[in-house]
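Each chain, written out:
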Amino acid sequence: MTFDADALGRVQLAILAKAPIAGLAKTRLIPALGAAGAARLQRQFTCRAVQTARAARLGAVTLWCAPDRQQRFFRALAQAHPGLTCRDQPAGDLGARMLCAFQQHCGSGPTLLIGTDCPALQPAHLRAAAQALLGGSDAVFHPAEDGGYVLIGLRQPQPALFQHMRWSTPEVMQDSRERAAAQGLSLQELDTLWDVDLPQDLPRLRRYCKDSAHA
């Protein structure tokens with residue numbers, strides 16, 4: 001099933017992002033890159049995530065910012081991308097912040113939420129996820145190879161998918177499947193992708209960037 005531009009334009013995109021501040025961003029990569037290097041990588045990842053979201057040609061794109069949208073980097077991004085909305089991430093764990101984004105956005109239509117750690121995520125992935133929601137799925141995921149996920153999309157907020165979760169563990173995706181089933185949600189899983197969280201992920205990132213440059 002395919003949908004026209006008007007239908008796809010109903011699907012919003014939310015991006016959770018940390019400011020590229022040394023010591024705040026990508027802390028698990030600091031042993032390999034140093035605090036400043038990890039912050040630079042976060043800057044590049046966030047810029048790429050925004051570009052990917054806008055290139056998908058879906059609905060409104062909102063960047064949920066930590067520690068707040070007044071950071072110079074976020075203000076510069078908003079200026080560089082007219083129409084990009086920046087909002088402050090609320091207090092709480094990852095689940096609380098994700099749920100807040102869905103509660104804010106789903107009243108206006110289906111919503112996709114991503115982070116900034118998956119350089120392999122392409123506009124086509126976002127459009128496929130949007131079509132899954134428009135086609136009737138209650139939830140859509142792009143699982144991650146490490147047992148988590150790099151994208152979640154919902155038609156309505158689903159608190160059960162976010163509360164008291166074991167975040168940053170290999171059980172996140174499986175827990176999400178089980179919770180979705182317990183809530184009677186129709187769930188669609190798309191391609192499993194990879195993200196960059198740990199120093200051992202960096203060689204793959206370097207190969208990917210090299211191959212992408214050649215392509």
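Every chain begins its residue count from 1, and numbering advances along the sequence as written. Where local features are concerned, this predicted model is filtered to residues with pLDDT of at least 70; where side-chain atom pairs are given and counted, the filter is 80 or more; whole-chain, interface and lining totals use all residues. Note that the side-chain values use all heavy atoms of the structure and ignore hydrogens as well as water.

This part covers the nonpolar core. Nine residue types can take part in a nonpolar core, namely buried Ala, Val, Leu, Ile, Met, Phe, Trp, Tyr and Cys, and a core is a set of them joined through side-chain atoms within 4.5 Å. Accessible area is worked out with a 1.4 Å probe on protein chains only. A residue is then buried under 20% of its type maximum, exposed over 50%, and partly exposed in between. Ile15, Leu58, Leu63, Leu112, Leu126 and Val140 are the most contacted members of the largest nonpolar core, which has 45 residues in total. Setting aside residues up to four positions removed in sequence, leucine 63 forms contacts with Ile15, Ala17, Thr46, Val50, Phe74, Leu77, Leu84, Thr85, Cys86 and Arg87. Grouped together as the second largest cluster of nonpolar side chains are 23 residues, Cys106, Ala139, Val172 and Leu185 included. Throughout, a residue-residue contact means that at least one pair of heavy atoms, one from each residue, lies within 4.5 Å.

Put simply, two rings from Phe, Tyr or Trp (the six-membered ring, in Trp's case) pair if the centres are within 6.5 Å, and we call them stacked under 30 degrees between planes, edge-to-face over 60, tilted for the rest. One pass over the full model with this rule turns up four aromatic pairs. For the ring pair phenylalanine 141 and tyrosine 149, a centre distance of 4.8 Å and an interplane angle of 70 degrees mean the geometry is edge-to-face. We note that phenylalanine 141, like tyrosine 149, is buried. An angle of 80 degrees between the planes, with centres 5.4 Å apart, marks the rings of tryptophan 194 and tyrosine 208 as edge-to-face. Of this pair, tryptophan 194 sits in the loop between strand E7 (187-189) and helix H7 (202-214) while tyrosine 208 sits in helix H7, and the two are 14 residues apart along the sequence. Under the relative-accessibility criterion, tyrosine 208 is labelled partly exposed at 22%. Strands are runs of DSSP state E lasting at least 2 residues, helices are runs of H or I lasting at least 4, and numbering of each runs from the N terminus.

Right, let's get into the side chain of threonine 116. Within the secondary structure layout, threonine 116 lies in the loop between strand E4 (111-114) and helix H5 (123-134). Among the polar contacts listed, one links the side chain of threonine 116 to the side chain of glutamine 42, at a separation of 3.5 Å. With sequence-adjacent residues up to four places away left out, threonine 116 is seen in contact with Ile15, Leu16, Ala17, Gln42, Phe45, Thr46 and Ala49. Between N or O atoms, a polar contact is any pair within 3.5 Å; within protein, one atom must be a potential hydrogen donor and the other a potential acceptor, and residues adjacent in sequence are included only when both atoms are from side chains.

What follows covers helix H4 (residues 94-105). Given a helix with a known number of residues, its expected span is that number minus one, times 1.5 Å. For H4, which comprises twelve residues, the first-to-last C-alpha distance of 17 Å matches the rise-based estimate of 16 Å (1.5 Å per residue) to within 8%. Of the surrounding elements, those touching the buried residues of H4 are strand E1 (12-18), strand E2 (61-66), E4 and strand E6 (149-154). One side-chain oxygen of the residue at the start of H4 lies 3.2 Å from the amide nitrogen of glycine 95, identifying that residue as aspartate 93.

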